[in-house]
Amino acid sequence: MKKLVELITLKGVHKKYKNGVTAIYDLDLKIKKGEFVFIIGGSGSGKSTLIKMLYREERPTMGEIIIGGKNVAKLRNSKVYKLRRRLGIVFQDYRLLPKLTVYENVAFALEAIGEKSSDIRIKTLKALELVGLKGKARNYPDELSGGEQQRVAIARAIVNNPKLLICDEPTGNLDPLMSEEIVNVLDDINKTMGTTVIMATHDRDIVNKFKKRVVALKAGRVMEDYEEGKYDNEAI
Amino acid sequence: MKLFRMIKCGIRDAFKSVYRNFSLSIASISCISITLLIVAIALVMSFNVKNFSKEIESDVTMVVFLNLGVTSEEISDFEATLSSMENVLPDWEVKNPEERKEMLLEEDEFWNSVGSLIDNEEEIFHYSYMIKVEDINRINETATEIENLPVVQVVNYGEGMVEQMVSTFDLVEKVAFVVVIILIIVTVFLIVNTIKLTIFSRRREISIMRVVGASNWTIKNPFIIEGFIIGLLGSILPVIVTIYGYTAFYNTLDDGHLFSSFIQLLSPQPFVYFVSLVVIVIGVIVGMIGSGRAVRKYLKI
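Analysis parameters
Residues numbered from 1 in each chain as written. Chains lettered and ligands numbered in written order. Predicted model: local features only at pLDDT ≥ 70, side-chain atom pairs only at ≥ 80, totals over all residues. Helix = DSSP H or I, 4+ residues; strand = E, 2+ residues; numbered from the N terminus. Buried ≥ 20, exposed ≤ 12 C-beta atoms within 10 Å, placed from the backbone. Contact = placed C-beta atoms within 7 Å. Expected span 1.5 Å × (residues − 1). Domains from an automatic or database assignment. Nonpolar A, V, L, I, M, F, W, Y, C, P; charged D, E, K, R; others polar. pLDDT = per-residue confidence, 0-100. Arc of directions from axis to C-beta.

### Looking at the overall build of chain B
Item 1. Across its full length, chain B carries 10 helices and six strands.
Item 2. By residue count, 30% of the 301 residues in chain B fall in the buried class.
Item 3. Long-range pairs, those at least 24 residues apart, make up 88% of the contacts in chain B between residues at least 6 apart in sequence.

Structure follows, in structure tokens:
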């Protein structure tokens, strides 16, 4: 068995918003390289805040968030892009550009970081192949189903070969069949590329089906943390 | 290489958004064109005025007549006083009446013709000094000072006329300057609004760029370039008007003389190119200031 090293360490993380709401209380969490973790919890449990702090959209009020040896809590705004280049982020609403084709949407991520055009082509096609959408490269997002659009978003997130993939309720807008398809894609990426995947969700069926590590949050605190866990606690 | 690629992308995006917000871009471009047209006219005027007022100034001469029968000590005293005056240029010219009398007596014919032109015939028998001053604005002051000297009978110069001309030019220049400043402020404001709209229309794109790790510079770059392009496009019309307009105007005049041989305009070349360059630089700077302000205010990264 290969040795697992911590990729993410959260120590005493506390987040209080300016409006006085405290979203996260004293959170400690460790996630190893190559893990697939579901973050579950109801509305207001703090999962979105936690996810946002991981890609440094939000800064914790107290505590440390160490990703790949760097404390991102202390990262200056002007340096955030360096962190984001090493991450892939997938959102519930896909966030695709409607006027660009599937290929252009994925290539956009590489163009934005100044990649060479010859590399852009190779990497984009590879990412589209990985999510099974190579045949739809010339289509526009509105010609695709929700599941396919989300796969485009995943292709865009992994096109730069990140070590960490952060997904904020990626199946929130999809029906159960498509949700499963998406998590299958993520699972594939996790297994074949060794990418660490963190997925926030409140989809019970998905969590129960895939039997991954489950971190359950409630009111800003970790309630449960199970290897091969289930989403069966009605209180969460 | 990477830098060039990013700049290329920035320029492409900037042109796209100028096109996308066409009506507002046109408004900004027109506004900047009008401003720059006035700037160009003001520059052309002010350089010409500076040029010929300098010529006038160097030509203005004060004539000082001394009293009749001054002694040689009084003359040397007077000359010493003149030398000590800071506004009086040292190369004055003295006209000795004795020499003149001799000359005139020899040329009887000349004497008869000139004599009728002079009001006070006696004046030609006075000692007279042709004096030039350093600062034309203080000519009045200097003339009074000289007139107050005991040996001086009268001081003549183009009283009033020269000063009035200089102060009129001064006023025109100041008014043009104020108008230009106001127009620049209005233009900056319009450009801020144009870029603001671009930022709003590209909000989604910007948020995705941030997520995939585009640097702040990459995100801001197209907007700054857009301001640059607006400034550049806005300066096209004023540059054309300056180059062709001024050259045509100059050519309609008799050898560049306006109204009289007294006012000589600057030759169009290389003057028009210099003015055009200044106009383009101002346009581009104003465009970039506008876009820079908009980016700082509306593009939160």
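### Remarks on helix α5 (residues 146-158) of chain A
Item 1. End to end, α5 of chain A covers 19 Å across 13 residues, agreeing with the expected 18 Å (1.5 Å per residue, within 8%).
Item 2. With respect to burial, α5 of chain A is a largely interior element, 11 of its 13 residues being buried.

### As for unusual backbone geometry
Item 1. Here the residue pair Q269 of chain B and P270 of chain B is connected by a cis peptide bond, since its omega of 5° sits within 30 degrees of zero.
Item 2. Note that P270 of chain B resides in helix α10 (residues 268-298).
Item 3. At A219 of chain A, a position not held by glycine, the phi torsion is positive, near 45°.
Item 4. Tracing the sequence through the fold places A219 of chain A in the loop between β9 (213-218) and β10 (221-226).

### Here's the deal with the domain arrangement of chain A
Reports often express the size of an interface as the amount of accessible area lost when the parts come together.
Residue and element names in this part refer to chain A.
Item 1. Assigned domains of chain A: these are domain 1 (1-86 + 164-236) and domain 2 (96-161).
Item 2. Domain 1 and domain 2 are separated by 24 Å when their C-alpha centres are compared.
Item 3. With 12 residues of domain 1 at the contact, the number on the domain 2 side is 11 residues.
Item 4. Here the element with the most residues in the side of domain 1 that touches domain 2 is helix α6 (residues 176-193); it accounts for six residues.
Item 5. Each residue belonging to the side of domain 1 that touches domain 2 can be placed in one class, and the counts come to eight nonpolar, two polar and two charged.

### Here's the deal with the confidence of the model for chain B
Item 1. With 87% of its residues at a pLDDT of 70 or more, chain B shows a mean pLDDT of 81.
Item 2. Our summary of model confidence lists the complex with pTM equal to 0.70 and ipTM equal to 0.86.

### Structural notes on the interface of chain B and chain A
Item 1. With 16 residues of chain B at the interface, the matching set in chain A holds 14 residues.
Item 2. Elements with a contribution of two residues or more to the side of chain B that touches chain A: α1 (2-20), α8 (203-212) and α9 (216-252) of chain B.
Item 3. It is α8 of chain B that provides the largest number of residues to the side of chain B that touches chain A, a total of six residues.
Item 4. Of the residues assigned to the side of chain B that touches chain A, the class counts are eight nonpolar, four polar and four charged.

### Section: α6 of chain A
Residues and elements named next belong to chain A.
Item 1. The end-to-end C-alpha distance of α6 is 25 Å, a good match for the 26 Å that 18 residues give at a rise of 1.5 Å each.
Item 2. Here α6 has its buried residues at S179, I182, V183, V185, L186 and I189. All buried residues of α6 fall inside an arc of 145° around its axis, so they share one side. Exposed residues on α6 whose side chains face more than 90 degrees from its buried face are P176, L177, K191 and T192.
Item 3. Those residues of α6 that are buried are in contact with α4 (117-130), α5, β7 (164-168), β8 (196-201) and α7 (204-210).

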